[in-house]
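Breakdown of the fold
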Amino acid sequence: MTRRGFTLVELLVVIAIIGLLVSILLPSLGSARRTAQKANCLVNLRLLETAHWTHMAEHDGRMLGTSHGNSWMESLTQLEPTLLLRSPLDESPHFEGGEPVAGQYRTTSYALNFFLSPDNPSGVETLDDVPRPSGTVDLWIKSLTGPGAVADHVHPSTWFSPIPGATPGKAAAEMQTNIYSGTAGAWDAHAGYGFLDGHAASHAFKDVYQDNTVNQFDPAIAR
């Protein structure tokens, strides 16, 4: 009895079908991977906010300090050594082993709101000074490149511009407004935000900042 094998044409058809299936599945796998990364980034933000609460509880409600070094990061990692300071979405080239910025390396993905720093003469010092912690943004992902990539805080008080469309661009120079989706510098760019009450969520930039009288960064007006 003669055994019949695959012909060359049959093999090529099978290879083509496998290639087609892979091309269909890869985008779905990539999308699922990115969704998981966003979820993990939000978990990181929640854990950082929990550690911030622990810090405030041990320091009579006093907020974390800021500098252009590792101030708040050192404080939190002393409390919680297992904290993850790098977002799974962070592909900045400025971490150690990459390219420094002004002689400094990026040591974390996240930055503090300078409105909430005792080191800011115009900021607040304690949790009691914040009327609505659940509506006040505390932490988010700073810009992946540029001078802001190595800062430990950003300055929302400088973002407003009367020029239409300029405000989200100014914010994008300090924070990665589109780390989750969208275009950097656009009102509808999405990123993760940690709030002072301990929760974290994904928002479009326009949902957390409209102008210097309506935003969720300035604790005096946060809703």
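Residues numbered from 1 in each chain as written. Predicted model: local features only at pLDDT ≥ 70, side-chain atom pairs only at ≥ 80, totals over all residues. Heavy atoms only, no water.

1. A short note on the nonpolar core
Counting residues in each nonpolar core, the largest one holds 35 residues, and the members touching the most others are W72, W159, Y193 and F217. Elements supplying a minimum of two residues to this core: α1 (8–58), α2 (71–79), β1 (110–113), β2 (137–141), β4 (190–195) and α4 (205–208). For this core, the element with the most residues is α1, which contributes five residues. In this view, W72 contacts L48, L64, G65, T108, Y110, A111, L112, L139 and D152; residues no more than four positions away in its chain are not counted. If you look at the next biggest cluster of nonpolar residues, it comprises seven residues, including M63, L127, V130 and L196. (Core = buried A, V, L, I, M, F, W, Y, C linked by side-chain atoms within 4.5 Å. Buried < 20%, exposed > 50% of the residue type's maximum accessible area, 1.4 Å probe, protein only. Helix = DSSP H or I, 4+ residues; strand = E, 2+ residues; numbered from the N terminus. Contact = heavy atoms within 4.5 Å.)

2. Here we look at the side chain of Q176
Within the element layout of this structure, Q176 appears in the loop between α3 (166–172) and β4. On the basis of relative accessibility, which here comes to 15%, the residue Q176 falls in the buried class. A polar contact is formed between the side chain of Q176 and the backbone nitrogen of L144, at a distance of 3.0 Å. If we skip the residues at most four places from it in the chain, Q176 touches I141, K142, S143, L144, A184 and A191. (Polar contact = N/O pair within 3.5 Å; in protein donor to acceptor, adjacent residues only side chain to side chain.)

3. A few points about α2
Considered for burial, the residues of α2 that qualify are W72, M73 and L76. The arc enclosing the buried residues of α2, seen along the axis, measures out at 100 degrees, which places them on a common side. (Arc of directions from axis to C-beta.)

4. Let's talk about the packing of aromatic side chains
Within the structure shown, the criterion is met by nine aromatic pairs. Ring plane angle 80 degrees and centroid distance 5.0 Å describe the contact between W159 and F217, whose orientation is recorded as edge-to-face. One end of the pair, W159, is in the loop between β3 (153–154) and α3; the other, F217, is in the segment after β7 (214–215), and 58 residues separate them in sequence. Judged on exposure class, the residue W159 and its partner F217 are both buried. Between Y209 and F217, the ring centres sit 6.2 Å apart and the planes meet at 50 degrees, which makes this aromatic pair tilted. (Phe/Tyr/Trp six-rings, centres within 6.5 Å; stacked < 30°, edge-to-face > 60°.)

5. Digging into the side chain of D138
One can find D138 in strand β2. No salt bridge is formed by the buried D138; the nearest opposite charge belongs to R46, separated by 13 Å. There is a polar contact of 2.9 Å between the side chain of D138 and the side chain of H52. With sequence-adjacent residues up to four places away left out, D138 is seen in contact with E49, H52, A111, L112, N113, L116, G194, F195 and L196. (Lys, Arg positive; Asp, Glu negative; His and termini not counted. Salt bridge = Lys/Arg side-chain N within 4 Å of Asp/Glu carboxyl O.)

Structural measurements only, silent on function.
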